[in-house]
Structure formats: structure tokens, C-alpha cells
Amino acid sequence: MKDQVNIMCNVHADPFDCPDTLITYNDKFDEYGLIIQDGGSSSIEITYCPWCGTKLPGSKRDLWFEVLEQLGFDDPAEQSIPEEFKTDKWYKNCK
């Protein structure tokens with residue numbers, strides 16, 4: 001799975017533009033997804049590795065919103081949230 005997520009294309013800087021890139025990983029939410037090759041940046045979340053069937057970590061998307069709400073951020077898209085919430089640091093620091 002890591003090999004698929006870390007594919008570096010010599011032609012396309014954005015993995016969503018590369019037809020050979022199949023998997024995306026969102027570290028902020030700890031989510032894996034299958035890239036939808038439609039010219040945008042959409043993906044469909046997957047919960048199992050498509051090659052070996054191993055269960056992937058559960059998404060932290062809902063927890064991200066819950067923690068931010070507890071901190072007083074009710075609209076993170078429109079508010080200036082702490083930098084740690086823009087990456088995986090927010091949940092790695094909670095361990």
C-alpha cells in the first residue's frame with residue numbers, strides 16, 4: 001500500500017492528474033482512497049487494501065471535526081484553525 005501511495009510520476013506533479021496513480025492518502029484524516037480519474041481531486045474512501053485485503057486504519061475525519069468543535073471551531077473551512085490540524089500532528093500528539 002505504501003508503494004502505491006508514494007508513486008512519484010515524472011510527468012505529473014499532482015497525483016490526481018496522473019492516470020497511473022490509483023491510491024491517495026490523506027494524512028490529516030488518516031484515510032486511504034481510490035482516486036476518481038475525472039480531472040478533479042476526488043477519491044472514494046477505502047477501508048481495506050485492494051491488493052492484500054488488510055484492514056486499513058479507521059478514518060479520523062469525524063474525530064477531527066469533534067476535537068476542533070471542542071476547541072471552539074464550528075466552521076474549520078472558514079476559520080483559521082491551528083496548524084497542527086492541517087496535518088497528522090493533531091492525532092499523533094494525542095497518543
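Residues numbered from 1 in each chain as written. Predicted model: local features only at pLDDT ≥ 70, side-chain atom pairs only at ≥ 80, totals over all residues. Heavy atoms only, no water.

Trainee: What am I meant to see in helix 2 (residues 61-70) here?
Mentor: Every α-helix winds through 3.6 residues per turn, so residues three or four apart in the chain are directed the same way. Every buried residue belonging to helix 2 is among Trp-64, Val-67 and Leu-68, and all of these are buried. One face of helix 2 carries all of its buried residues, which in axial projection span an arc of 95°. Relative to its buried face, helix 2 has exposed residues pointing more than 90 degrees away, namely Asp-62, Glu-69 and Gln-70. Against helix 3 (89-92) lie the buried residues of helix 2. With its phi angle positive at about 100°, Gly-72 sits one or two positions after the end of helix 2. (Buried < 20%, exposed > 50% of the residue type's maximum accessible area, 1.4 Å probe, protein only. Helix = DSSP H or I, 4+ residues; strand = E, 2+ residues; numbered from the N terminus. Arc of directions from axis to C-beta. Contact = heavy atoms within 4.5 Å.)

Trainee: Help me understand the pairing of strand 2 (residues 31-35) in this model?
Mentor: Walk down a regular strand and you will see the side chains alternate between the two sheet faces. Within strand 2, 4 of the 5 residues are buried, leaving the element largely enclosed by the surrounding structure. Note: strand 1 (residues 23-26) against strand 2, 4 bridges, orientation antiparallel. Across the sheet, the residue bridging to Tyr-25 is Tyr-32, located in strand 2. Following strand 1, the chain reverses through 4 residues before pairing antiparallel with strand 2; Asp-30 in that reversal takes a positive phi of roughly 55°. As judged from the 4 bridges shared by strand 2 and strand 3 (residues 43-46), these two strands associate in the antiparallel manner. Bridge assignment links Leu-34 to a residue of strand 3, and that residue is Ile-44. (Pairing = 2+ DSSP bridges.)

Trainee: How should I be thinking about the sheet that holds strand 3 in this particular structure?
Mentor: Spatial strand order, 1-2-3: 3 strands in an open sheet with antiparallel pairing. Each having just a single partner strand, strand 1 and strand 3 make up the two edges of the open sheet. Here the average twist between neighbouring strands, direction ignored, is 40°. (Axes fitted to C-alpha atoms, helices over the stretch in contact; angles between N-to-C directions.)

Trainee: Please clarify how the environment of Asp-62 should be interpreted in this entry.
Mentor: Mapped onto the secondary structure, Asp-62 falls in helix 2. Each C-alpha atom, one on Asp-62 and one on Phe-29, is 8.5 Å from the other, the two residues being 33 residues apart in sequence.

Trainee: Even after reading the chapter, I still don't get the pattern of salt bridges, so can you show me in this structure?
Mentor: Pairing between side chains becomes possible if they bear opposite charge and their charged atoms approach one another. Throughout the structure, instances matching the rule amount to 4 salt bridges. The residue Asp-30 makes a salt bridge to Lys-60 at a minimum N-O spacing of 2.6 Å. On the criterion of sequence distance, the pair formed by Asp-30 in the loop between strand 1 and strand 2 and Lys-60 in the loop between strand 3 and helix 2 is long-range, its members being 30 residues apart. Residue Glu-83 pairs with Lys-86 through a salt bridge whose shortest N-O separation is 3.0 Å. (Salt bridge = Lys/Arg side-chain N within 4 Å of Asp/Glu carboxyl O.)

Trainee: Would you explain the nonpolar core in this entry?
Mentor: What tends to happen in soluble globular proteins is that the nonpolar side chains get buried as a cluster. Of all hydrophobic cores here, the largest spans 9 residues; its members are Phe-29, Trp-64, Val-67, Leu-68, Phe-73, Ile-81, Phe-85, Trp-90 and Tyr-91. Only helix 2 and helix 3 provide two or more residues apiece to this core. The leading source of residues in this core is helix 2, at 3 residues. Non-local contacts of Trp-64, meaning those with residues more than four positions away in its chain, are made with Lys-28, Phe-29, Pro-76, Ile-81, Phe-85 and Trp-90. Membership of the second largest hydrophobic core comes to 5 residues, among which are Ile-23, Tyr-32, Cys-49 and Leu-56. (Core = buried A, V, L, I, M, F, W, Y, C linked by side-chain atoms within 4.5 Å.)

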